[in-house]
Amino acid sequence: MTLENIKGLGPKNLQLINKLGIYTIDDLINFYPFRYDVIERSNVDELNDGDKIIIDGIIESVPSIFYFGKRRDKMSFKLNTGENIFRVDIYNRGFLKSKLKIGTNITVIGKIDKKHNLIIVSDISFGAILKTKIEPVYHTTYGIGITTIKKYINSIIDKYHTKSLLPDYLIDKYKLMDKDEAIKIVHNPTKLNELNKALNRLRYEELFLFMCKMNYLKNNIQYKEGLKRVVDKSKVYELINSLEFKLTDDQLKAVEDIYNDLTLPYRMNRLLQGDVGSGKTIVSFISLYINYLGGYQGALMAPTEVLAIQHYNNIKKLFKDYNINIELLIGKTTKREKNRIYKELEEGNVDIIIGTHALFTDEVNYKNLGLVITDEQHRFGVNQRANLKNKGITPDVLYMSATPIPRTYALTLYGDMEISNIKTLPNGKKDIITTIKSEKDIKDVLTSMYNELKEGHQVYVIAPLVEESDKVDFNNVYELEEKMNKAFGKLYNIGVLHGKMKSDEKDEIMTKFQNNEIQILISTTVVEVGVDVKNATMIVIFDAYMFGLSSLHQLRGRVGRNDLQSYCILISNHETERLNILTKTNDGFKISEEDFKLRGSGDLFGVKQSGDMVFNIADLKRDYNLLLKAKEDSIEFLSSSKVNDNLELIDTIKKSFALD
Ligand code: ADP
Ligand code: MG
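Residues numbered from 1 in each chain as written. Chains lettered and ligands numbered in written order. Predicted model: local features only at pLDDT ≥ 70, side-chain atom pairs only at ≥ 80, totals over all residues. Heavy atoms only, no water.

J.: Hey, could you run me through the overall build of the protein in this one?
T.: A count of helical and extended segments in the protein gives 21 helices and 21 strands. Across the protein, every contact between residues at least 6 apart in sequence was considered, and the portion connecting residues at least 24 apart equals 73%. Total accessible area on the protein is roughly 31200 Å²; 48% of this is exposed by carbon and sulfur atoms. (Helix = DSSP H or I, 4+ residues; strand = E, 2+ residues; numbered from the N terminus. Contact = heavy atoms within 4.5 Å. Areas by Shrake-Rupley, 256 points an atom, 1.4 Å probe, with all protein chains shown as cover.)

J.: Looking at this model, I keep getting lost on the side chain of aspartate 543. Mind explaining?
T.: Here aspartate 543 is to be found in the loop between strand S20 (536–541) and helix H17 (549–556). Summary of buried charges: aspartate 543 has no salt-bridge partner, and the nearest side chain of opposite charge, lysine 483, is 8.5 Å away. Of the polar contacts made by the side chain of aspartate 543, one reaches the backbone nitrogen of asparagine 475; its length is 2.6 Å. Not counting chain neighbours up to four residues away, the residues in contact with aspartate 543 comprise Glu439, Pro464, Phe474, Asn475 and Ile571. (Buried < 20%, exposed > 50% of the residue type's maximum accessible area, 1.4 Å probe, protein only. Lys, Arg positive; Asp, Glu negative; His and termini not counted. Salt bridge = Lys/Arg side-chain N within 4 Å of Asp/Glu carboxyl O. Polar contact = N/O pair within 3.5 Å; in protein donor to acceptor, adjacent residues only side chain to side chain.)

J.: What's the story with the site of ligand 1 in this structure? I'm lost.
T.: Close to ligand 1 lie 17 residues; Lys246, Gly277, Lys280, Thr281 and Asp532 are nearest. At 2.8 Å from a nitrogen atom of ligand 1 is found a main-chain nitrogen or oxygen belonging to lysine 246. Contact between ligand 1 and lysine 280: an oxygen atom at 2.7 Å from a side-chain N or O atom of the residue. When ligand 1 sits alone it has 570 Å² of accessible area, and the protein chains cover 89% of it. (Near = heavy atom within 4 Å.)

J.: Explain the pattern of salt bridges to me, please; I cannot follow it from the model alone.
T.: If charged atoms from side chains of opposite charge come close, those side chains can pair. In this structure the tally under the stated criterion is 31 salt bridges. Notably, a salt bridge pairs aspartate 532 with lysine 534, separated by 3.6 Å at the nearest N-O pair. When its relative accessible area of 18% is taken as the criterion, aspartate 532 is described as buried. A salt bridge links aspartate 532 to arginine 561, with the nearest nitrogen and oxygen atoms 2.8 Å apart. With a gap of 29 residues between them, aspartate 532 in the loop between strand S19 (520–523) and S20 and arginine 561 in the loop between H17 and strand S21 (567–571) connect regions that are remote in the sequence. Across the pair, exposure class does not vary: aspartate 532 and arginine 561 are buried alike. Because the salt bridges share partners, they merge into one network encompassing Arg35, Asp37, Lys52 and Glu135.

J.: So what exactly am I meant to see when it comes to helix H9 (residues 280–293) here?
T.: Residue pairs spaced three or four apart in an α-helix point in one direction, given the helix's 3.6 residues per turn. The end-to-end C-alpha separation of H9 is 20 Å, in line with the 20 Å expected for 14 residues at 1.5 Å each. Of all 14 residues that make up H9, eleven are buried, and the element is covered over most of its length. Following H9 by one or two positions, glycine 295 adopts a phi angle in the positive range, close to 100°. (Expected span 1.5 Å × (residues − 1).)

J.: For this particular structure, what's the right way to read the pairing of S21?
T.: Regular strands show a simple pattern: their side chains alternate between the two faces of the sheet. The element S21 is largely enclosed, with a buried count of four among its five residues. Here strand S16 (residues 433–437) pairs with S21 via five bridges, running parallel. Note that in S21 the partner of lysine 437 across the bridge is isoleucine 571. After leaving S20, the chain enters H17 and then returns to the sheet as S21, a path that is right-handed. (Pairing = 2+ DSSP bridges. Right-handed = clockwise from strand over helix to strand, strands pointing away.)

J.: Would you mind going over the sheet that holds S19 with me for this structure?
T.: Sheet strands pair via backbone hydrogen bonds, and the direction of the pair is either parallel or antiparallel. Within the open sheet, the six strands sit side by side as S16-S21-S20-S17-S19-S18. Their pairing is parallel. Looking at the sheet topology across the chains shown, the edges are occupied by S16 and strand S18 (494–497). Averaged over all pairs of adjacent strands, the angle between strand axes in this sheet comes to 15°, irrespective of strand direction. Where strand S17 (residues 458–462) meets S20, five bridges bridge the pair, whose relative direction is parallel. Paired with valine 459 across the two strands is methionine 538, which belongs to S20. The strands touched by helix H14 (residues 442–453) are S16, S17, S19, S20 and S21; relative to S20, the strand with the most contacts, the crossing angle is about 165°. (Axes fitted to C-alpha atoms, helices over the stretch in contact; angles between N-to-C directions.)

J.: I tried to follow the sheet that holds strand S9 (residues 269–274) on my own but got confused; where do I start?
T.: The strand order S11-S12-S10-S13-S14-S9-S15 describes an open sheet built from seven strands, whose pairing is parallel. Of all strands in the sheet, those with a lone pairing partner are strand S11 (326–329) and strand S15 (418–422), marking the two edges. Ignoring which end each strand starts from, the neighbouring axes of this sheet average 20° apart. Where strand S13 (residues 369–374) and strand S14 (residues 396–401) come together, four bridges link them in parallel fashion. In the sheet register, valine 372 faces S14, and the bridge partner there is valine 397. Where helix H10 (residues 305–318) meets the sheet, it contacts strand S10 (297–301), S11 and strand S12 (352–355), and its direction lies at approximately 170° from that of S11.

J.: What am I meant to see in the side chain of asparagine 475 here?
T.: Here asparagine 475 lies in the loop between S17 and helix H15 (477–488). Within polar-contact distance, the side chain of asparagine 475 engages the side chain of glutamate 439 at 3.3 Å. Apart from residues no more than four positions distant in its own chain, asparagine 475 is found in contact with Glu439, Ala463, Pro464, Leu465, Leu480, Lys483, Phe542 and Asp543.

J.: Help me understand the packing of H14 against H15 in this model?
T.: When two helices pack together, their arrangement is given by the angle between their axes and by how far apart the axes lie. Remark: H14 packs on H15, axes separated minimally by 12 Å, with the N-to-C direction vectors making an angle of 65°. As for how H14 packs across H15, the hand of that crossing is right-handed. In contact with Leu446, Met449, Tyr450 and Leu453 of H14, H15 contributes Met484, Ala487 and Phe488. (Left-handed = near helix turned anticlockwise from the far one by under 90°.)

J.: I'm lost on helix H3 (residues 146–156) in this one. Help?
T.: Taken residue by residue, H3 has Ile149, Tyr152, Ile153 and Ile156 as its buried positions. One face of H3 carries all of its buried residues, which in axial projection span an arc of 95°. More than 90 degrees from the buried face of H3, the exposed residues found are Thr147 and Lys151. Packed against the buried residues of H3 are helix H1 (11–19), helix H2 (25–29) and helix H5 (179–187). (Arc of directions from axis to C-beta.)

The following block contains the structure:
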């Protein structure tokens, strides 16, 4: 069964729930409330307007119904609660009318409006008298509300079976409830103690699985013997001193860390963290040089072709006077060219290879791969750590990421890695001035763009869609091209870039933008990570509310790449409050924490790629004690013979890292 089978779930809502990270029925069932509102019975006198209320009463008037639109209605009647007579309004529940006879005892749940002696009711209960009402609250996004999401979940929840991966002895040990039941309760709780048990059941399983993965990973990858290189450090510093800029202290420290790792005989497993624009790329190039001097091949993998091509061009430039053989390998490299590169890699003629995922497909064999660097690691997820190992090669590994992870999480997620941090941006970098505009202020935006363009600077314009869609109403690249052409076509060159283009087209456009032959680049988020055009000083992002804060911060990082004042304009008619943090800070760390608070950990790592690291229902801070328990249990489990009785669990763990 797929999401499309759900009654009433059309293409528009499908796109919206995709935005919430829901792509499959599994995702939907596992889309848990992030909070519960508990409404207690309380004294009407103590309530303020707008407060939630549960109250019993007797129906005193025949309900009247107004219909509006096709399927909407509003019903009103009088409710005598003993002390007051309230008017009750309830929406879209017209079908209940026949049950609401005068004299019937009911309990209503809703919001009170004392001034008008009114209760706007969300739920009516007959018979059993409710003490408290627990309302699950789900994350939503503009265009889709909680009621709709709940409706989708409840339309499948009874038919759905979720496999539990917990070993039986642990279920017995903690007397955990059945998983299907727990899921039902979590979505439709009636009693608090039951809800807590259900939450605990699901959180424990999630944490246990996570700790198993972490421990498995540690046992299998860490402490491996590595390559030992002899590298003349003065050669490394010759390169550093020949650069057109001086490395920052943090960059130097990172280079030293990496030099030590590569020359000592254990395997490097290092994360290089630094905010957008902190200068990680040059550190990676120097690392590749150290590895080269040590006599090994090196690979740098980027998440997008655009970025791979940029790295390739830059590293070629850096080493143009060196006798180092550098190649580019991406999905769309011609077959003939690929075959040539495969051969040269195998024969050891290529020293450094730059590329995308294409670097680690089955056809590629290295002669003596010593170092693998992944740029924008958070885009790949942890899985691919293991892919490198599939071929029986165990190179040193450096991960680079601009997504700062709050400390508690970093420890757990990257617990088995060393970390180098680049905390300061290169000298002379100014904060990017960020403003929020609504689409009707487009004239102001064009004026601001013009002010930059006439200084000889360049501008990015970002849209969420490539082309017009009949399903959703967001700006698209081609429509914006038309708009920009009208405004600036006579004065400036305008280029379009998106993921559906062929890679040589992308390359051509990026090169033109890099060389200032194009002044306005209209693009999708293919430029989100890594792209570096120093003369670009403004980025205008349409439908900004469509993006997560961390993505916007990354996009904004495309400007401010030299010492010119740069600007970011977020165009949004919605959710401007959420976007506000970007106007207040340029600190990626603060922004990601905010993102984290708003949307949970999922968004930090991109939506899907890194499913393994995302907690759905557990929270490392809140559930810390449960985590410790899970940790202990997982260590005991993995080192016991119980492993043999739980092969499916072990299989899941292995698969999530592609280890075997
Ligand atoms: P990121 O960490 O986001 O990958 P980059 O490596 O792309 O950042 O660097 C951002 C920009 O800063 C690039 O244009 C790069 O050439 C420049 N840069 C890097 N290090 C320094 C430095 N120490 N001094 C001045 N500019 C630098
Ligand atoms: Mg980068």
